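# Observations on the three-dimensional arrangement
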Amino acid sequence: MSVLRTQLRGVARRPTRLLLTGLAVLVVSFVVYASVLAQQITERSVLNGLSGTPEAVDLVVRNGDISTKTATAIGQVPGVAEAAARIDAGGEVNGDYLQLISDPGTGELATAKVTQGRYPSKAGEIAVTPRTVERMGLKLGTTASAQLRYSEDGKPLAPEKLTVVGLVQAREDFGFQAYAPTSAVIAMTGTHQVSRVEIRYAAGADGVRERVAALAQGAEISSGNDVRHEEAEAAASDVNAVFAVIAMFVAIAVVAAGLVATSTFRIMFAQRMRQLALLRAVGAGRGSITRSLAAEGALTGLVTGVAGVLIALGVGHLLPVVLGWFGPNIASPGFPVPAALGTVALAVLITVLAVLAPAASAARVSPLEALRSSGTTGSRRDIGLPRWIFGLLLVAGAVAVAAYVAKELPGRDPKDYDPTPMLFAVVGSGALAFFGLVALGPVLVRPVLALLGAPIRRSGPVGRLAAGGVGAAPRRAAAVSVVVALGVTLIAGALVGGASIRVLADREATASAPADYELLGTEDKQVPATVVDKLRERKELTHVAPYRRISTKIGNVEGLTAVDLALDSLPRLGKLDVVAGSLKDLGPGEAVISGYTADTTGLTVGDKITLQNGQKKGTFTVAAQLPDSGPLGSAVVLTPADLTRLGASAAYAGVLSDAAADGETGRTDGKRAIDESAPGFRTDVLADQRDQIDSQLTVLLMIALGLIGLTVAIAVVGVGTTTALSVVERVRESGVLRAVGLSQGGLRFMLTTESALYGVIGAAIGLALGVPYAVLAIKALGVNAPLSVPIGQLALVFAILVALTALAGVLPARKAAKVSPVAALGTE
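Every chain begins its residue count from 1, and numbering advances along the sequence as written. At least 70 in pLDDT is required for a residue's local features to be given in this predicted model, at least 80 for side-chain atom pairs to be given and counted, and no such filter applies to totals for whole chains, interfaces and linings, which use all residues. Side-chain numbers come from the whole structure's heavy atoms, not from hydrogens or water.

Note on pairing: DSSP must find at least two bridges between two strands before they are called paired. A run of H or I in DSSP counts as a helix once it spans at least four residues, and a run of E counts as a strand once it spans at least two, with each numbered from the N terminus. Ordered in space as β13-β21-β12-β22, the four strands form an open sheet in which the pairing is antiparallel. Every interior strand has two partners, whereas the edge strands, β13 (541-547) and β22 (682-685), have only one. Sheet twist, expressed as the average angle between the axes of neighbouring strands with direction ignored, equals 20 degrees. With four bridges joining them, strand β12 (residues 517-520) and β22 adopt antiparallel strand pairing. Counted as the bridge partner of L519 is T683 from β22. Here, axes are lines fitted to C-alpha atoms. For helices the fit covers the stretch in contact, and angles between N-to-C directions go from 0 to 180 degrees.

Turning our eyes to something else, we now look at the pattern of salt bridges. Only one rule defines a salt bridge in this text: a Lys or Arg side-chain nitrogen within 4 Å of an Asp or Glu carboxyl oxygen. Tallied over the entire structure, the rule returns 17 salt bridges. Its salt-bridge partner being D564, residue R548 comes within 2.9 Å of it at the nearest N-O pair. Here the residue R548 occupies a position in the loop between β13 and β14 (549-554), and D564 occupies one in the loop between β15 (557-563) and β16 (580-581), the gap between them amounting to 16 residues. A relative accessible area of 8% means that R548 is categorised as buried. When salt bridges with common partners are traced through the structure, they connect R86, D103, R196 and E198 into a single cluster. Burial status follows relative accessibility: with a 1.4 Å probe on protein chains alone, a residue under 20% of its type maximum counts as buried, one over 50% as exposed, and anything between as partly exposed.

The next point concerns the pairing of strand β21 (residues 654-659). Looking along a regular strand, one sees the side chains alternate between the two faces of the sheet. Along β21, six of the six residues are buried, which leaves the element largely enclosed by surrounding structure. Here four bridges tie β12 to β21, and the two strands are oriented antiparallel to one another. In the strand pairing of β21, L519 is matched with V655. In the sheet, β13 pairs with β21 via five bridges, with the strands oriented antiparallel. Considered in β21, the bridge of T542 is made with D658.

What follows covers helix α19 (residues 529-537). Within α19, the full set of buried residues consists of V531, V532 and L535. Summarising the axial view, the buried residues of α19 lie within an arc of 100 degrees, below the 170-degree limit, and thus occupy one face. Exposed side chains of α19 directed beyond 90 degrees from the buried face belong to T530 and E537. Buried residues along α19 sit in contact with β12, β13, β21 and α22 (663-677). It is the directions from the helix axis to the C-beta atoms that the arc portrays. Contact criterion: two residues are considered in contact whenever any of their non-hydrogen atoms come within 4.5 Å of each other.

Another point: the nonpolar core. Nonpolar side chains tend to gather and get buried jointly when the protein is soluble and globular. Buried residues of nine kinds, namely Ala, Val, Leu, Ile, Met, Phe, Trp, Tyr and Cys, make up a nonpolar core once their side-chain atoms join them within 4.5 Å. Membership of the largest hydrophobic core comes to 56 residues, with the highest contact counts inside it found for V470, I714, I761 and L801. Counting 37 residues, the second largest nonpolar core, distinct from the first, contains A71, L148, A184 and V208.

Written out as structure tokens, the structure is:
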């Protein structure tokens, strides 16, 4: 107990040292509890916004044969204050699809809010969303003809004249939505069914549910709370999946914090060897010293854990208030007490585990050895034979597993391939490699430093001193650089994987959406050449590429589509992936086949393929094979002359084109130009599909990089802590350098450069591990993703990490430079 009291009094005298030691644990405690609060905020505010049922709804009638008469009768039931019958209809306006949604427009059951004009009051009037105005040209006050009614056999009836009387803000805006009251939608569409009825009770109403159930027999009757809960649960499944991924990265950050804490405890105990030696000399045993140091570690975890939780709690409650000033209504996270206690317990566990090895090592040093120098132990360069053997075994295991994965990688377009075992093997190999790096890190520091630190050494005496300072304490350098390497490995893997998957998605999108727009004809009304000429004259459009389409038969396989789209007519078609052959070889008498065609017919490049369209036949040579479907979902691509030989008409099935200008404005202008040049034809904006895929990939990559940034942040904290403790340890050395003429600026530069070198070593090792493992993981997926290494982004990551680690050493360096040489030389 006396030893423990001595250690705790030392902590009380130097609380700054406790903070430095547990700074990484404080950061990870903040991250862990902040993640819990973020999930609370999301579930309390975002999920309510994702529910499509208004808060005022008390009862919902759904999932049954609900006629418009039944819906009207429900609205007249005693105790019903308001009833909204929901109808989701659709039709065509100038060849484009228009979704017509019923909504009261006012009151507590409304989901659409008028922002300009007024809400429709009768049949023939609609209110549209802002993006619908841009995409379909349905401006306020305009009138358009809409095909909303069809006969029982599917034939179109007389069109309806629609006038836009208002603009509304709705929960979703896809660019083709219009709103009107239920009675107006029924009158315009002639429908006799509603999808659901939402009911709000009058004050003091009783027995409403039973009366409604008697009217809507066969339909499901649910309370509004139950429906909203179901919708929230459906949304929560996605949210919980996201937070499960966040938890995985938080776990990695916890491991990083443990490594940093272990390093800082080792440095701190090395500085206190004289004190520990005196305790040993007056009779303290190894066990009592180890227990006292472990208790000190637990106290560090308790203090930093509580501080991290309190800071996270403060930020979590301040965030809704600040965001409320700018408009968004964000719910408060409350105070999850069990999560707070768990976070503090985790912080204590991290520090106790982190302190055990350094404490045991410090307790084993004899008093005589410890009294020699506090810096000797901290600067040891050897790692011992057992650690050598253990590290080499880990590396050998990582290489063996990686070699197995490389040997078992699937070929192109594998059949019945499950990538899960291979991906687990890649992760296992990476884990072995990382722990091998932890074991062998001290012996890798000097070779890596000799290779990458040459420019620093050649910069002058101060640079040589900085490089020498890092190389003189390889254990310290390795402990920090390994955590930096972990962060860089994950970032490099995410960047390489993201770039490769983005190229793959771009190629796949090229087949289905090779242009910004597709003007579509029908069997009864194909696109004439005069329309194509008009489109080519429009300055808002470029790369206008018409195509024809026929249905063909190959052997016994029927229903295969052949097109004559020129593969050099659109820039994006140049991105098509090819399994064999070349798209440039397509000429008269030749064909490009899809992967599906190759699978069903067994044909490959160089084979003869016979196509039949009715009584017309033609034999062609396969010039190239695509991995999946051909452009526009085709099975075969031919030249225009060959498609004519098979009986294709002169008119076109469709026309592809690109917007001449970039951005939403250019895209809207191009769409308007097509509508003006080809009235009556339907136009799909294919670019929206590509944008959606690209935005999803970008969001996923940003989320991954943000989560990986937790590990990087802890690594930077470790660099700053290590530099600060190093400054304390080397006060006398700094005084000697100042005494022999090194200026304050020179000392600051030397210590800051040492911090930057930690980043150089860690980033270099991280890139050396991250890129190969990312390549292996991409190949193991078996999705034919082309390898794409974003060299510029990786170089930027290297530079940013070096800059961050250098900045982490600025404050300790400034503090060291302020100590006078006389005071420094007088330090023990």
